[in-house]
Amino acid sequence: MVSSSSSSLPSILHLTLFLLFISLCTPASSSKSRTPAAPTTIGNGYRLVSLQESSDGGLLGHLQVNRKNNIYGPDIPNLHLYIKHETDDRLRVHISDAQQQRWEVPYDLLPRDRPATKSNGKSTAIPIAVSEFSGGELIFSCISDPFSFAVKRKSNGQTLFNTTADKSSPYNSLVFKDQYLEISTSLPSDASLYGLGENSQPHGIKLYPNDPYTLWTTDQSAINLNMDLYGSHPVYMDMRNVGGEAYAHGVLLLNSNGMDVFYRGSSLTYKVIGGIMDFYFFSGPSPLGVVDQYTQLIGRPAPMPYWSLGFHQCRWGYHNLSVVEDVVENYNKANIPLDVIWNDDDHMDGHKDFTLNPNAYPRPKLLNFLNKIHARGMKYIVIIDPGIGVNSSYGTYQRGLAKDVFIKYEGKPYLAQVWPGAVNFPDFLNPATVSWWGDEVRRFHELVPVDGLWIDMNEASNFCSGLCTIPKGKCPTGTGPGWVCCLDCKNITKTRWDDPPYKINASGTQVPIGYKTIATSAVHYNGVHEYDAHSIYGFSHAIATHKALQGLEGKRPFILSRSTFVGSGRYTAHWTGDNQGTWNDIKYSISTMLNFGIFGIPMVGSDICGFYPQPTEELCNRWIELGAFYPFSRDHANYYSPRQELYQWETVAKSARNALGMRYKLLPYLYTLTYEAHTTGAPIARPLFFSFPNIKELYGLSTQFLLGESLMVSPVLDQGRTNVSAVFPPGTWYSLFDPSQAIVAKQLQTVTLDAPLHVINVHLYQNTILPMQRGGMISKEARMTPFTLIVAFPAGATEAKANGKLYLDNDELPEMTIGNGQSTYVDFSATASKDVVKVWSDVEESKFALEKGWVIEKITVLGLSGIGGEFAIEVEGNSGILDASKVELVETEHKFLDNMKKDGKGEEKKSVMVEIGGLDLPVGKKFTMSWKMGIS
């Protein structure tokens, strides 16, 4: 067995260790000694002819094709195999052409280790065989002919991935051609899979056998189910339950080419039209562990400014500045919180990036408006599309031409059409383009001091297809919306890049892959074809935009991108695109949101109330109740839809005040979750099985979700309902809106909850300490209000623990970190034991919180059996700082649904909520509070 750390073994030991394991992965010595490979549909597989230790402690192998096959093109005859345990919980299997370099996701865009290409120089005279190559938790094993490999879990021997194909398998052995790669794994029928996006999944968060999963970034509305949408994320999480114990692992195929993934329930097959096979396996074994390991590789989610967690309002069709001013004022009049006002392209001059419409958005008036809202703490964000209008008087375009920044076709800038009319697309793989883009962002920021950028249409979207020219007098000049192609275009089918031999299920109908996007034979920097780089266009766009914004004033950027790829979360937030105002779409929004948490993009949400058409009043009520708990919460509507700001209906305004009012109280908790996301990858919104992985019945639950570990949201998702059927895992759950209301589930239990029109059910789980503030109309004000801690024990607790945390910082700093003098981290703990309740804090880097003057005014403890006396408070070990006699104690008995408060003997247990008010505890100082319980 070879450890991942054994990069330099003595030669005798090296040979001994390797030769001990020649039983399974034996290379073929000659073709005559091989058992003939079983006939297959597309290929005949490969055989392993050598295997050696690499210079970095991995393994290097050489694969040769068995009988050649010309279906989808000739096989690549020789392949390079590289296996490396990169960490104790991450294994890499990299398969590429041994003779010619092939396209890979650029290492400068997604930094990672490069595969070794040289052996360590030892024992090279003979091929070396291993049956098992073991790391910390994952074991690689292989069969030499036809070559296949398996990945197992060391701790329990479970096979996680196995590419072996036999006569009964519904898939081929390894196929590796220039424009067709195929590999499969068998799966246990009870495995639950998640991921492989972006798509709208009608069956919920779990992957559904025989649904199509095509990855190719495409501008098509999210109302299209089971189709390739805006992003490409070839990663999945696999949940398995063995004897009541859960094990999760993750699998990433790092490849940006178009692909179909066929999930049959008992197997999964990748069919990819280019690039290489670069697999990463993540051992978990918890769901959070998988996401942690995944984001450790691809990049942690971006830090988010505090205000981005507030509520956002947008609309395509705010025709002039006066309309925007009225929107802001009407939100204020309706007492509905609002942090950020957005412009779609209405502010632009002829839909051209980095411009202002001098009539509808005159700069002096716009600057005056921004001065007013900035003084209040509000922010302003505008849209920037990648297509740059072809216009001889347009400075951005002319500077781009001069710097040669555009994607080319036959040596000339590739011509397309989007909102400005004819456009060229910047090539963000070109360093000169990144510099030019940064300069254009700087110029625009000097014109309009925006607070963030919304990058859209970056799949890339094109209203035309093929090779186009500009006809005289036919195309729009950018005076109004319209998406009908007006260029003179002809299809391009003469190259293998435009017409590959295998047709992925693009747009659900196998349309040409260059349909309504950049021609796939167009050329990027260094000769890279759009065919290979297509699905990373939005990713490269986000990286360039992030660099540009951070370079302005060194502040923390906020970017919202429609198209995403593996690693995009390091730079951008995401919204789920053009949805509809329907009851189905409100359901789909939860699954997509939860998937993006797995993808490492936790700052995500859908257009609240739907992008088009007009939602019903009831639906908009229910959607803002749900959307108030999206990580990214924004109302956005279509140009042609009636107005749907939250104040347009009084009933919706009431629901908004209720739900957003609670969101703004939860802002410190949500912000702490963004810190956890940035440091560990943990999703902000997550499926229930993340906290309760052993409960198989939760694996497909897509109508409820958690914020963090223990705050459960149970929305109404169906028309005409005034109650909701909600699943409660075992334990005590307290209503967040009325913590005196409690539900005790002895086992997994479905409960019917009242949910009249203005009510959203949110419950807090036991063993949690939740930091909250008073809330407010804007995050800047809400952030400076006093804190309340809610300590949730199990109902009637006499022996219990609870924990929580709080992260505070200067949210303009680029990084979220501890130790920079402008942040504070607090651990809260509580115990109920031996008739004594104790609540305390541990503070790291107290200076920032003390300078801001944050205090805790109230601590509410849930689930106690009673309250006695001997109340005591210490601050930094000093008991004389606060006068305990001024503390106000209020005891309220909990109310339970039905008989849920009975103990195991059928007797009712007393459980009370104790509110401790009149406090003035500095958040930046350690405190300890204790009192005796009054056991009844």
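Scroll up for the structure.
In this text the structure is predicted, and so the values were computed from the model without any measurement. (Residues numbered from 1 in each chain as written. Predicted model: local features only at pLDDT ≥ 70, side-chain atom pairs only at ≥ 80, totals over all residues. Heavy atoms only, no water.)

**Regarding empty space enclosed by the protein**
Gaps left between atoms are located by rolling a probe of water-molecule size over the structure's atoms. The final tally for this structure, using the stated rule, is six cavities of 30 Å³ or more. One number sums up the size of the largest cavity: a volume of about 90 Å³. Around the largest cavity, the lining residues are E198, S200, A222, L229, T576, N579, D585, Y588, S589, T592 and S606. (1 Å grid on protein atoms, 1.4 Å probe; cavity = no way out; pocket = protein on both sides within 12 Å on 5 of 7 lines; lining within 4 Å. Points joined across faces, edges and corners; volume = space filled by probe spheres on them.)

**Brief notes about unusual backbone geometry**
Here the bond from G197 into E198 is cis, since omega is 15°, no more than 30 degrees from zero. Looking at the element boundaries, E198 is found in the loop between β11 (192-197) and β12 (212-215). In this structure, A460 follows E459 across a cis peptide bond, with omega equal to 5°. Position of A460 among the secondary structure elements: in the loop between β26 (452-455) and β27 (467-469). (Helix = DSSP H or I, 4+ residues; strand = E, 2+ residues; numbered from the N terminus.)

**Side note on the environment of P305**
Mapped onto the elements of the fold, P305 is located in the loop between α2 (287-298) and β18 (311-313). Taking the relative accessible area as the measure of exposure, P305 reaches 1% and is therefore buried. Ignoring sequence-local partners within four residues, the contact set of P305 consists of R556, P557, F558, Y671 and D811. (Buried < 20%, exposed > 50% of the residue type's maximum accessible area, 1.4 Å probe, protein only. Contact = heavy atoms within 4.5 Å.)

**Topic: the sheet that holds strand β35 (residues 705-707)**
Within the open sheet, the seven strands sit side by side as β34-β35-β36-β41-β38-β39-β50. Their pairing is mixed. Of all strands in the sheet, those bounded by a partner on one side alone are β34 (685-686) and β50 (895-896). As paired strands, β35 and strand β36 (residues 711-714) are joined by three bridges and run antiparallel to one another. Pairing of L707 across the sheet is with L711, part of β36. Contacts from helix α12 (residues 667-680) reach β34, β35 and β36 within the one sheet, and its direction differs from that of β35 by about 90°. (Pairing = 2+ DSSP bridges. Axes fitted to C-alpha atoms, helices over the stretch in contact; angles between N-to-C directions.)

**Overview of a nonpolar patch on the surface**
Together, W483, V484 and Y640 give the surface a local cluster of nonpolar side chains, amounting to about 380 Å² of exposed area. A relative accessible area of 65% places V484 in the exposed class. (Patch = residues over 30% accessible without salt bridge, like charges linked within 9 Å, V, L, I, M, F, W, Y side chains within 5 Å. Areas by Shrake-Rupley, 256 points an atom, 1.4 Å probe, with all protein chains shown as cover. Salt bridge = Lys/Arg side-chain N within 4 Å of Asp/Glu carboxyl O.)

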